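Secondary and tertiary structure notes
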Amino acid sequence: MGFFSKIKEGLKKTKEAIAYKLNKLFTGGVLTDDFYDELEEILITSDIGAETTDTVMDRLKGEIDKNHVRDTATVRTLLKKILVELLEENEQPTYEYPLVIMLSGVNGVGKTTAIGKLAKKFKKAGKSVTIAAADTFRAAAADQLTVWAERANVRIIKHTEGADPAAVVFDAAQSVKSKNGDVLLVDTAGRLHNKKNLMEELKKISRVVERELPDAMVMNYIVLDATTGQNAISQVEIFNEAIDIDGIVLTKLDGTAKGGVVLAIAGELGVPVVYVGVGEGIDDLEDFNAEEFVNGIMDEQ
Amino acid sequence: MGLFSSLAEKLGNVFSKITSRGKLTEGDIKQAMREIRIALLEADVNYAVVKDFVSKVSEKAVGEAVLKSLTPGQQVVKIVNDELVELMGSTNSKLEVSSKPPTVILMCGLQGAGKTTFCGKLGGYLLKQGKKPMFAACDVYRPAAINQLQVVGKKVNIPVFEQGAGNPVKIAANAVEEAKKLGYDTVIVDTAGRLHINEQLMTELKEIKQKTAPTEILLTVDAMTGQDAVNVAKTFNDELDITGVILTKLDGDTRGGAALSIRSVTGKPIKFCGTGEKPTDIEPFYPDRMASRILGMGDVLTLIEKAQNAVSEEEMKKLEKRMRENKFTLEDFLTQFKSLAKMGDINDVVAMIPGMNRANVDSRAIDERINKYKSIILSMTPQERNHPEIIKSSRRKRIAAGSGTTVQEVNALLKQYDQTREMMRAANSGKLPQMQQKIVRQKRRFR
Ligand SMILES: Nc1nc2c(ncn2[C@@H]2O[C@H](COP(=O)(O)OP(=O)(O)OP(=O)(O)O)[C@@H](O)[C@H]2O)c(=O)[nH]1
Ligand SMILES: Nc1nc2c(ncn2[C@@H]2O[C@H](COP(=O)(O)OP(=O)(O)OP(=O)(O)O)[C@@H](O)[C@H]2O)c(=O)[nH]1
Ligand SMILES: [Mg+2]
Ligand SMILES: [Mg+2]
């Protein structure tokens, strides 16, 4: 099942669905204050944030005035366009091999699961894939990742619990070099961005990657949980300060949360969303598509 | 900065905008409510919850008492805070115990919220209270979920009942039987993370509930959750009639507005907070701390309270009147100085003001100075105290000798008094706000 249909399925299941409200809103009617209030509600309840909502609404009203729009259907098209443009301002990466993808982020967002899904994706594309289990901290983290490596049928490099994560990455890099591997996927421990020592540890892991695989293309992705609210902004901001974030993996979009905060992030930090997670299965990872994402937020059922 | 300017600063601005003006109008309150609305939304309080909250607060705020009050801005902030604290419930980390052991505690929530980790925390907590808990491994879906619970169990010395990837409902029921047999008085059931819209898995939880009759059903929620918290909490509560909420990952820098959303839609108490990854990182829930956190006001409220305690309404009125009449004397000056001292360590006071950093002031030196001022003023005649302009050189010498200080110190006191009076005159003519703001801006620049 595709991402879009999954989203639609999710929407169907909840009466609170934004799509339902929008549908009600956009089928006829005039541009009243109530109409704008409801639009604003739709944006805010998608976690876009009060300030970004204001910016978007201002831009929308500007367009409405400029184009003398009178009907709600056209407003809808305009709003969609504004949101899509916001997201598409940031270019999607094109991969070169050897490739290293390191996933980091706060606790429990879905890093390990996304590593499993990515492994399968690259394996399917015919690449030789290695996973580095650089979360040596969380209880049974390596066991969890091992299950994913088995499911994707790829190699995994791991040490014992409590080992130095940078050492795991070092070993993995040597292994990739000696075997001429294409893709190295690095799973890291969940860490809150306000913990200085853990952010330092992440920098160290990142330095080892750069040093040991100087010819590889390195992509640092932050994993964000779509359920997260405005805190995602400071997550990206601070991870970006530490290791230069190249992209976002947005997980758990199969729930009722809309992940609208990435619109604020896209506008302010210029980091593209690259993948979306839409379930717990190994194939539940899709390339990000701005139009589908915005449709998922706004379309009628 | 725009998007990323901190709430503390924003509310600090609202606060100083209102307070510096003195009297409030209804329009002012509207403006303040708008700012508070944005602040709450940016703190992730749900849209609908914010709407209700703001209308309730603004009703109270336009009341006579506030408009007539001497410090209306502070009153508004206080009303907002009090209302928040009240909505947030009480500190209530008591767990119910079943009259027929074992007591079953069922953990539930979305994926990755922190259920398994919290099992360890709760187990350790109960162990310390002399209980004999056991874990039941009912997450049969997540890779290595059972291993994880076992590692957690080992850390806190609590056994794990597991039956591999069997049927979670049966495993839970069997765990309870096992606990009875082996004499464990509490069974903590770890379940798989699930979406509230996954009917099949929600049914599974209902069946576990039916089979094990849990005394506590604890919904675990990530404190970073955004607007969707209401949907999640409402559905879990509707389906399972939860008994309480656990708020995890509060060691982050999230405002945690989800706490308010969840309280409003479920009415269930928040029982514990998770403040780290270690088994010992468990804390009771403090509504007042949560309220300030959501408002992003740090300790502004403590500051307001301290100020209110330090200066009585009576004293305030008197001071204000004298200021207006330009009759601010040395005696009043001393009163004012003393009330500042009553507010506590000056460094703490400064640190509580949003946008200001801890000042590097030696508070002992300040105490000393206040004592000196006191004795200097006490050495003056009543006429001198009420008309300081008559204190010329010979009087200064006499006062210094009488108070055991130096002429320089007497001069310093008189100078400071003059400056204070100048500031008060400016305040009366409405020039003070700019002055204050300038000081605040400068402070920020030097951070
Ligand atoms: N519904 C849904 N669940 C997901 C998705 N991605 C991950 N999960 C679930 O979220 C939970 C946490 O996932 P993990 O991959 O362990 O998260 P993590 O970021 O590695 O966690 P830590 O390493 O503990 O910080 C698991 O129960 C996953 O099955 C998704 O896209 N949708
Ligand atoms: N910083 C911090 N991390 C926490 C806290 N509670 C849990 N975690 C971390 O959050 C991640 C997820 O925790 P789990 O206990 O695996 O979450 P779960 O709800 O059992 O996840 P699923 O079983 O996959 O649904 C782990 O990395 C934990 O270490 C907390 O209070 N603070
Ligand atoms: Mg992980
Ligand atoms: Mg778990």
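Because the structure is predicted, anything quoted here is derived from the model rather than measured. (Residues numbered from 1 in each chain as written. Chains lettered and ligands numbered in written order. Predicted model: local features only at pLDDT ≥ 70, side-chain atom pairs only at ≥ 80, totals over all residues. Heavy atoms only, no water.)

Attention now moves to the domain arrangement of chain B. Residues and elements named next belong to chain B. Split into domains, chain B comes out as domain 1 (2-88), domain 2 (103-297) and domain 3 (310-446). Taken together, the 19 residues of domain 1 in the interface contact 24 residues of domain 2. Around 1900 Å² of area is buried between domain 1 and domain 2 when both sides are counted, 68% of it from carbon and sulfur atoms. When the buried area of domain 1 at its contact with domain 2 is split by residue, D44, N46 and M88 rank highest and sum to 33% of it. (Domains from an automatic or database assignment. Contact = heavy atoms within 4.5 Å. Buried area = accessible area lost by both parts, 1.4 Å probe.)

With that out of the way, let us pick up the site of ligand 2. Neighbouring ligand 2 are 23 residues; K115, T116, T117, R142 and E277 of chain B lie closest to it. More than a single chain frames ligand 2: its nearby residues are located in chains A and B. Contacts to ligand 2 include G112 of chain B, whose backbone N or O atom sits 2.9 Å from an oxygen atom. G276 of chain B places a main-chain nitrogen or oxygen 3.2 Å from an oxygen atom of ligand 2. A total of 650 Å² of accessible area belongs to ligand 2 in isolation, and the protein chains cover 97% of it. For the shell around ligand 2, the element with the most residues is helix 6 (residues 115-128) of chain B, which contributes four residues. Within the shell around ligand 2, the residues separate by chemical class into three nonpolar, twelve polar and eight charged. (Near = heavy atom within 4 Å. Polar contact = N/O pair within 3.5 Å; in protein donor to acceptor, adjacent residues only side chain to side chain. Areas by Shrake-Rupley, 256 points an atom, 1.4 Å probe, with all protein chains shown as cover. Helix = DSSP H or I, 4+ residues; strand = E, 2+ residues; numbered from the N terminus. Nonpolar A, V, L, I, M, F, W, Y, C, P; charged D, E, K, R; others polar.)

The next thing to look at is the sheet that holds strand 5 (residues 216-222) of chain B. Residues and elements named next belong to chain B. Spatially, eight strands are ordered 3-2-4-1-5-6-7-8 in an open sheet, and the strand pairing comes out mixed. If you trace the sheet from one side to the other, it starts and ends with strand 3 (160-161) and strand 8 (282-284), each paired once. Of the strand pairs in this sheet, strand 2 (residues 133-138) and strand 3 are connected by two bridges, and their pairing is parallel. When the bridges of strand 3 are listed, A136 appears paired with F161. (Pairing = 2+ DSSP bridges.)

Quick look at the site of ligand 1 now. Inspection of the region around ligand 1 gives 22 residues, with K111, T112, T113, R138 and E280 of chain A positioned closest. Two or more chains meet at ligand 1, and those chains are chains A and B. The protein chains hide 96% of the 650 Å² of surface that ligand 1 would expose on its own. A total of four residues in the shell around ligand 1 trace back to one element, the largest contributor, which is helix 6 (residues 111-124) of chain A. Residue composition of the shell around ligand 1, by class: three nonpolar, eleven polar and eight charged.

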